[in-house]
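# Chains, contacts and geometry: an overview
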Amino acid sequence: MKQEIRKTLLYDWHVEQGANMANFGGYEMPLWYPSGVRNEHLAVLTNAGMFDTSHMAMVRITGPDAYDLLQLCFTKDLNACLGINKKIALKNNRCVYGAFLNEQGEVIDDAIVYQVEKGHYLSVVNAGMGGEIARHLAAHKRGRNVEITDLTDKVGKLDIQGPLSAKILMKVLADPGKVFEKMPYFSFKGHFDPSCPSANAVCLTDGTPILLSRTGYTGEFGFEIFIAPEHFVRLWKMIFNAGKEYGLISCGLAARDSLRGGAVLPLSHQDIGHWPFINNPWPFALPYNEDQTDFTKSFIGDEALRNIVDFEFTYAFAGHDLRKVSAEDPAIVLNAEAKEIGTVLTCVTDMGIGRHKDRIYSVASPDKPKDFKPKGLCCGFVKVTSMLSFGEVVELRDKRRKVKVAIVEDIRPDRTARVPIKNMI
Amino acid sequence: MKEINELNFPDGLRYTDDHEWAKSDGDKVKIGITDYAQDQLGDIVFVELPELGETFAKGEEFGTVESVKAVSEIYMPVSGEVVSINEELADAPEQVNEDPYGRGWMIEIISDDSAEMDSLKSKADYLGMLRGL
């Protein structure tokens, strides 16, 4: 069966701008615009960039038992996911990152779950996954009083990411001072549906309600914005024009990939997928207890994760220069004894970082060396059959080249995602 | 992405199916990748070139161009010995994007067989192939 390639509402705009387009998740999406992916990547580190992410899907879960169904299906413990010790329950206007697993503990998709209010949740999932996640939730609903609605293609979504994002949004929001008050990382305000009581919390200067979320997938300060489709293209152009004086540019999926790689964020169905969701750089997505010995709740996939015999480990790595291997080749991983121990999941170049002496600096590092002009470092994720320690060097090998990389805990330093909003306006 | 009629393909060069160009100057041939290739690849961040004195057969891989998207092999349009390489690309690989036929040239070779040039595509044939893609 031939898959129909879908277009987002901004397709014509992307083409007019001269974007290099390609199929991603069943949608014709921009890979980069004529100024080039390096510019786009760097703009997000130093100024701001905007991304059309309306190919991503959303599922709405409402009803008295919605919370209970999400507790069963989503990996995060909604009773204990906020606060320094992760002991506070999810509350209104907060969102959390986690995954939906099958009974084998394998990832169906990763997601952010938003609590609009008790009994009203939104889950943002990857392109083309709205139907599958909605069906998965429906299959586990049993007698619960829950309504599940796949909102695929019914909501416009764009991301504005980078340190100047809030300053730019101040020009298009009604009452921005109030909107940005008490808006920590992973919180949101407003709603794209005008009939929702919280819709008037965030409006554009022309009165259009939006859902403004302080999240994103670049590791940098910024927002994801959800809006009714009929207002989407207008919103995009409003922000694009407002941002020009701040150096805002439109960015494609290639920059999104290199930015998220450097920020140690997984790409669903590439870095996480049909293997158990454990022993990876994302344990915060699982409901571990304080000493990481067990889970604080039961959920779909928990038994499988508790009883794994054949362990595999996913690690982040960073290279010594920008040279990549092709993960599609596929590329293999060899340990110090030249024994094959696994495969490369993602290999990208973070163009904003470089090594100096014994550490990695970013173009945005306040303490970067004088005249620092990095060429970029290759980085990404490997999945291996033996446990490795941070700092250990492994070799990545594709049919063309061998690249030595270090297993690392983190890649791009001085990311801005968590910087308090008051420092950014 | 540029439309084909926005791309530049100088007259007097010969082209390959793999999107390299070759320009002869006496018994020497200068080699690089086409405007179409650089546009498809996007920002080129690294170019790996051979050593001086290495010889390659027509169609053999002589280096790689690494863009943000992928690492791609570059192949010899004609056979010969490398007598010059574009050292500037080590520090400024973006020259391949900016000026693929000028400052973005890659290697110069002494050709083994001048008749091989005639087997390459003319501008018109190369354009015809691109329009058929």
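Residues numbered from 1 in each chain as written. Chains lettered and ligands numbered in written order. Predicted model: local features only at pLDDT ≥ 70, side-chain atom pairs only at ≥ 80, totals over all residues. Heavy atoms only, no water.

Per an unreviewed UniProt entry, chain A goes by the name Glycine cleavage system, aminomethyltransferase protein T and belongs to Desulfonema magnum.

## Let's talk about the sheet that holds strand S8 (residues 120–125) of chain A
Residues and elements named next belong to chain A. Basically, it comes down to this: Paired strands, as defined in this entry, are two strands with at least two bridges between them according to DSSP. A run of H or I in DSSP becomes a helix once it reaches four residues, and a run of E becomes a strand once it reaches two; helices and strands are each numbered from the N terminus. To get an axis, fit a line to the C-alpha atoms, keeping to the stretch in contact for a helix; angles then go from 0 to 180 degrees between the N-to-C directions.
Pairing in this open sheet of five strands is antiparallel, and the strands run S6-S7-S8-S5-S9 from one edge to the other. Here the strands that pair on one side only, and so sit at the sheet edges, are strand S6 (94–101) and strand S9 (147–150). Pairs of neighbouring strands in the sheet enclose a mean axial angle of 25°, with direction left out of account. Pairing between strand S5 (residues 57–62) and S9: four bridges, direction antiparallel.

## Some remarks on the side chain of Ser-268 of chain A
Residues and elements named next belong to chain A. Short version of the rule: Counted as a polar contact is a pair of N or O atoms within 3.5 Å, where, for protein atoms, one must be capable of donating a hydrogen and the other of accepting one, and residues adjacent in sequence contribute only when both atoms are in side chains. It only takes one pair of heavy atoms within 4.5 Å for two residues to be counted as in contact.
For Ser-268, the location among the structural elements is in the loop between helix H8 (253–262) and helix H9 (302–306). A distance of 2.6 Å separates polar atoms of two side chains, one belonging to Ser-268 and the other to Asp-109. Non-local contacts of Ser-268, meaning those with residues more than four positions away in its chain, are made with Asp-109, Asp-110 and Asn-126.

## Observations regarding helix H3 (residues 123–132) of chain B
All names here are of chain B. Using the following cut-off: Burial classification: accessible surface area is computed with a 1.4 Å probe over protein chains only, and a residue below 20% of its type maximum counts as buried, one above 50% as exposed, and the rest as partly exposed. By definition, the arc is the one covered by directions from the helix axis to the C-beta atoms.
Among the residues of H3, Tyr-126, Leu-127 and Leu-130 are the ones counted as buried. In a view along the axis of H3, the buried residues occupy a sector of 100°, so they form one face of it. Exposed residues lying more than 90 degrees from the buried face of H3 are Ala-124, Arg-131 and Gly-132.

## Observations regarding unusual backbone geometry
Residue and element names in this part refer to chain A. In this structure, Arg-142 takes a positive phi of about 50° despite not being glycine. Turning to its location among the elements, Arg-142 is positioned in the loop between helix H4 (130–139) and S9. Taking relative accessible area as the criterion, Arg-142 reaches 70% and is therefore assigned exposed. Although it is not a glycine, Phe-186 sits at a positive phi angle of roughly 60°.

## Quick word on the pattern of salt bridges
The criterion, for reference: By salt bridge we mean one thing: a side-chain nitrogen of Lys or Arg within 4 Å of a carboxyl oxygen of Asp or Glu.
If you walk through the whole model with that rule in mind, you get 31 salt bridges over all chains. As a salt-bridge pair, Glu-395 of chain A and Arg-397 of chain A come within 2.9 Å of each other at their nearest N and O atoms. Of the residues examined, Arg-397 of chain A reaches a relative accessible area of 31% and is grouped as partly exposed. The partner of Glu-98 of chain B in a salt bridge is Arg-103 of chain B, with the nearest N and O atoms 3.2 Å apart. Overall, Arg-103 of chain B belongs to the partly exposed group, its relative accessible area being 40%.

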